[in-house]
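One letter stands for each residue in the lines below.
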Amino acid sequence: MAEYAANIGLEVHAELSTKTKVFCGCLTAAGAPPNTQVCPVCLGFPGSLPVLNRAVVDYALRVVLAFNCEVSRPSIFERKGYYYPDLPKNFQISQKRAPLGRSGYVEFPVDGEMHRVRIADIHIEEDAAKLTHPEDDRAHSLVDFNRAGMPLLEIVSEPDMHSPSQVEGYMNAIRSALLYLGVSEARMEQGQLRFEASVSVRPADRAELGIRVEIKNLNSFRAVLGAVKYEIARQTKAVQAGETILQETRLWDDLHEVTAPMRTKETAMDYRYFPEPDLMPLVVDDEWIARVRAELPELAGRRRERLVREYALSDYDAGILTAEKALADLFEAAVSRGAPAKPAANWLTGRFLYLLNERNLTAADAALSPEALAEVVELVESNTISGPAARQVFDRIAFSGESAKKVVAELGLTQISDQDELGTTIDEVIAEHGDAAENYRKGKESALKFLVGQVMRKTRGRANPKLATELLEKKLKAD
Amino acid sequence: MSTSSSLHELTAAELADLLARKEVSAREALDAVYARVEEVEEDLHSFVLLTRETAERQAAEVDEARAKGEPLPPLAGVPIALKDIYCTKGIPTTCCSRILEGFVPPYDADVIERCRAHRLVFVGKTNMDEFAMGSSTENSAFGPTRNPWDLDRVPGGSSGGSAAAVAASETVLAMGTDTGGSIRQPASLCGVVGLKPTYGRVSRYGVIAYASSLDQVGPITKDVRDCALLLGALAGHDPRDSTSLPDPPPNYTRALTGEIKGLRVGLVKEFMEYQGVGVAPEVAEAVKAAIARFEELGAVCREVSLPHLNYSIPVYYILAPAEASSNLARYDGVQYGYRSADADGIIEMYRNTRNEGFGAEVKRRIMLGTYTLSAGYYDAYYLKAAQVRTLIRRDFDAAFEDCDVLVGPVSPTVAFRLGEKADDPVQMYLSDVCTIPVNLGGLPGMSIPCGFSPDGLPIGLQLVGPPLAEETLLRAAHAFEQSGQFHRRRAVPVRQRKGRRSAVVREG
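A quick note: this is a predicted structure, and the numbers were derived from the prediction, not measured.

Chemist: Account for the overall build of chain A, naming residues and giving values.
Modeler: Regarding its fold elements, chain A presents 15 helices and 14 strands. In terms of overall dimensions, chain A is more spread out than a globule: its C-alpha atoms have a radius of gyration of 30 Å, far above the 23 Å expected for 479 residues. Along the three orthogonal principal directions, the C-alpha set of chain A runs to about 95 × 60 × 55 Å. Counting all 479 residues of chain A, 51% fall into the buried class. Relative to all contacts within chain A whose residues are 6 or more apart in sequence, the contacts with residues 24 or more apart total 69%. Counting only carbon and sulfur atoms, one obtains 50% of the accessible surface of chain A, whose full area is about 22800 Å². Here chain A contributes 59 positively and 71 negatively charged side chains, and the mean placements of these two sets differ by 1 Å.

Chemist: Can you explain the domain arrangement of chain A? Please cite residues and give values.
Modeler: Looking at the assigned domains, one finds that chain A contains domain 1 (4-291), domain 2 (299-411) and domain 3 (419-478). Distance between the C-alpha centres of domain 2 of chain A and domain 3 of chain A: 33 Å.

Chemist: Summarise the sheet that holds strand β11 (residues 213-218) of chain A; cite the residues concerned and give the values.
Modeler: Residue and element names in this part refer to chain A. As summarised here, the arrangement of the nine strands in space is β2-β5-β6-β9-β1-β10-β11-β12-β13, forming an open sheet in which the pairing is mixed. Two strands in the sheet have a free side with no partner beyond their single neighbour: β2 (70-71) and β13 (258-264). Pairing of strand β1 (residues 4-15) with strand β9 (residues 151-157), which is carried by five bridges, proceeds in the antiparallel orientation. Across the sheet, Glu15 pairs through a bridge with Leu152, a residue of β9. Sheet contacts for helix α1 (residues 54-66): β2, β5 (101-110), β6 (113-126) and β9; angle to β6, the most-contacted strand, approximately 160°. In the packing of helix α3 (residues 221-240) onto the sheet, contacts are made with β1, β10 (193-203), β11, β12 (248-253) and β13, and the angle to β10 comes to roughly 20°.

Chemist: Account for the pairing of strand β7 (residues 264-268) of chain B, with residues named and values stated.
Modeler: Residue and element names in this part refer to chain B. For β7, the buried fraction is high: four of the five residues fall into the buried class. With five bridges connecting them, β7 and strand β10 (residues 300-304) associate as parallel partners. Within the sheet, the bridge partner assigned to Gly266 lies in β10 and is Arg302. As paired strands, β7 and strand β11 (residues 405-409) are joined by three bridges and run parallel to one another. The residue of β11 that forms the bridge with Gly266 is Leu406.

Chemist: Account for the nonpolar core, with residues named and values stated.
Modeler: With 169 residues, the main nonpolar core has B:Phe131, B:Met446 and B:Leu463 as its most contacted residues. At nine residues, helix α10 (residues 312-327) of chain B tops the list of elements feeding residues into this core. Each residue touching B:Leu463, except ones within four places of it in the same chain, is listed here: B:Phe294, B:Val405, B:Leu406, B:Val407, B:Pro444, B:Gly445, B:Met446, B:Ile448, B:Leu473, B:Ala476 and B:Ala477. Counting 66 residues, the second largest nonpolar core, distinct from the first, contains A:Val22, A:Leu65, A:Leu193 and A:Val228.

Chemist: Residue-level account of the packing of helix α2 (residues 26-44) of chain B against helix α3 (residues 52-67) of chain B, with values.
Modeler: All names here are of chain B. The contact between α2 and α3 brings their axes to 8 Å, and the two run at 155°. As the angle between them shows, α2 and α3 are arranged roughly antiparallel. Only Arg52, Ala55, Glu56, Ala59, Val62 and Asp63 of α3 make contact with α2, whose side of the interface consists of Ala26, Arg27, Leu30, Asp31, Tyr34 and Glu38. Of the residues in the contact of α2 with α3, the class split is six nonpolar, no polar and six charged.

Chemist: Account for empty space enclosed by the protein, with residues named and values stated.
Modeler: What the rule picks out here adds up to 10 cavities of 30 Å³ or more. By volume, the largest cavity is sized at about 170 Å³. The wall of the largest cavity is formed by 23 residues, among which A:Val41, A:Ser48, A:Leu49, A:Pro50 and A:Lys89 lie closest to the centre. In the lining of the largest cavity, the residues fall into 11 nonpolar, five polar and seven charged. For the second largest cavity, the calculated volume is near 80 Å³. Where the lining of the second largest cavity is concerned, the elements lending two or more residues are β3 (78-81) of chain A together with α10 of chain B. Among the elements that take part in the lining of the second largest cavity, β3(A) stands out by supplying three residues, more than any other.

Conventions adopted
Residues numbered from 1 in each chain as written. Chains lettered and ligands numbered in written order. Predicted model: local features only at pLDDT ≥ 70, side-chain atom pairs only at ≥ 80, totals over all residues. Heavy atoms only, no water. Helix = DSSP H or I, 4+ residues; strand = E, 2+ residues; numbered from the N terminus. Rg over C-alpha atoms; globule rule 2.2 N^0.38 Å. Buried < 20%, exposed > 50% of the residue type's maximum accessible area, 1.4 Å probe, protein only. Contact = heavy atoms within 4.5 Å. Areas by Shrake-Rupley, 256 points an atom, 1.4 Å probe, with all protein chains shown as cover. Lys, Arg positive; Asp, Glu negative; His and termini not counted. Charge placed at Lys NZ, Arg CZ, Asp CG, Glu CD. Domains from an automatic or database assignment. Pairing = 2+ DSSP bridges. Axes fitted to C-alpha atoms, helices over the stretch in contact; angles between N-to-C directions. Core = buried A, V, L, I, M, F, W, Y, C linked by side-chain atoms within 4.5 Å. Parallel < 35°, antiparallel > 145°, perpendicular 65-115°, else oblique. Nonpolar A, V, L, I, M, F, W, Y, C, P; charged D, E, K, R; others polar. 1 Å grid on protein atoms, 1.4 Å probe; cavity = no way out; pocket = protein on both sides within 12 Å on 5 of 7 lines; lining within 4 Å. Points joined across faces, edges and corners; volume = space filled by probe spheres on them.

Rendered as structure tokens:
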């Protein structure tokens, strides 16, 4: 049977984190009561007119430049017409024929090799309102216009991905870039990142693409990957059976993990795009591009190389740290506050990520301050606290944001490094465990470990284990 | 002259002078205007809403401020009538459409803010063709307005209510909007002065959109000086309208020098005939007489040809309905205005609401626009029309290399009879043949009285200038006006027979 290859393209809708909406001055902050961040413009009232928020263009340009796109000059806003109760004007202001950015690319590692995906188009548009359908009232739906007019960036890729792992790499690269560029919080669960996929299959030895199927309702990485896997399998099977693939739009069903037909080409929407007469063509001049380019932050790939170079980290550790901007930021801030690089990196890539994974959180959600991280490293390095005590402290400051020194003081975790104080405890332990002491003297090395353990137990972990071992050895040999 | 019974007949400049000298109060002027409304409105139906409570409060505030010696703007206390197309906070605004039934805007249009800042007094909202689509005011959901010069004839449109109200002295000043001639054509048919400013000169913020790339707000007044005064109050940059021009407006009254020696005037050939058919003989005669007058005043006149103007009507009837079909999509019954009571589900609610809420002409243009924007037709219609629009603009640019002002008729005929063109949309569309090209060019255009037909119906002269040449238009119009008596004639609209029911809606 013939081998088949898939071509996958993604449309990413990212909500930009500007202070105000894209065409009016309403705030974008999340969590406000319904319909409190609205005005005649975002409600689409008669007579209202849009005015473009320049900050949205700044944010969009960062992405356009970071993804190596050409800037359309001018770029044109257009009206995309369709009727839906979440769309106040029954048209959406978007860009179609002259998007802000075009013909770029993104590169990211997949299975140890760099993969390049071409970006067809990056454009600015406005979000729609949010509809809710109350369970107990089937005659009405509720509309919250707070979301209407929120700035969205749509990033459209060419169908340059061929496997779910490439799709995953692409989504991670996009999300990471949005966070690094500081243009979106990219929180999936709040709908700040939404996807649409297109999938086609073809015989592996043929270059010509197969019939394209679009998939909507993809609200998580998991949904995208599930839908892509399902579609590749479905289409491959159909083609192998000699069936023709229908050019259509399908919906992903998260519950049953299948795609189902939504509409075919014959019933496709006609959006009747035409240039938005209420907005002038957007002309981004050289100066504007130069300014945004100069302010462009370092992205994950470059930062990883720099961390290896500057801090002598392993490529692996640097990779883990830079995968999430907040993590790498914490690392560099702690080092700049005097923490040695290697132990600081170990805390973050080890215990911290373990705690985050356990709670299904990201570094941005945690409260760990770089000062506190630097303190923990310093307290351990200076033998002020023991390893186990340090872990106890870290687990707390990771989510409380407290100072490590304060927690150590509060819990009385300071390491006992005083010979006299520790000597008394050791004498007690030897007295209580005469048989173990005897065994050690007879040459059973493991008995020493047991006795050290008892010292640690008696001091509730505060004893300096190295000093305790030395003292024990000395005392046992002297007796 | 300052007896309160004739105050409504004064121009704004005359009234403002009396008000400033405290010879009359704003309240007296308002009472005179409302007395006139009482007298003639039953016959005319210029207004769809009289805002008497608001007006009396505004007038009282002006009088109080003046008594205290507070500084006031020049037009403070002058009554103005507002086309029912501007959003007025707390005052119903319908665009004379059933679909905006019950809509009370939560905000003021920029021009309304400016009127308030200039302390003008709001007489009421005037009648218009539904969503400004029409040339006769017969397309109003609230019934037609009649021409004060002949009650069997239309006042023109779409700002027919405003033009009729000024012509019949039911107000001192009025405002209209002009997308394809909606200020100039009714001004011409009612024998008053109307000016459509350069696109972007006056803010469109809060003006209910018909065709966004063509709509402009402007004054409708009794003479040219009033026109300059009101334009000065309305013009200026507004950051809420992205198409608003940043240039600070000049003091327009300074342009009224009476001096036009050497002014280069071009009579546009394409304004005088369309597809081989000339304008009505009495109109052609009045325009030619006006040219002769300009020459007597020292202007240099010649004929010019702008060949692409012949495509103006088809270009306009592609672009304007395309924009309208999108602008009017929001009237769906979800948030405001009319919602069909009889609907099962969202699609039916949309369908019934729009079917019951819009009138025939509005539906016709929505369908036209929806069609020309559809996939597969866009390039052949919208794109082609946009390209021809560019050619029309170039024709104007070329003409203004040799001319300071272009002139011609405003309307190919005098006011036509009610119902005469109501069933023939194409004939109705042709009545805007001379005005539409000016909107396509984004240029300032003006209508001033230049004569009367043998039946005693007014004829308007159109003056067109390059972008931001409002001062040139006003200077030429003023010199022409002051050399004759046309602007002094007033319509006498009172019908002898009584007993018809008033259609006026009261505020409340």
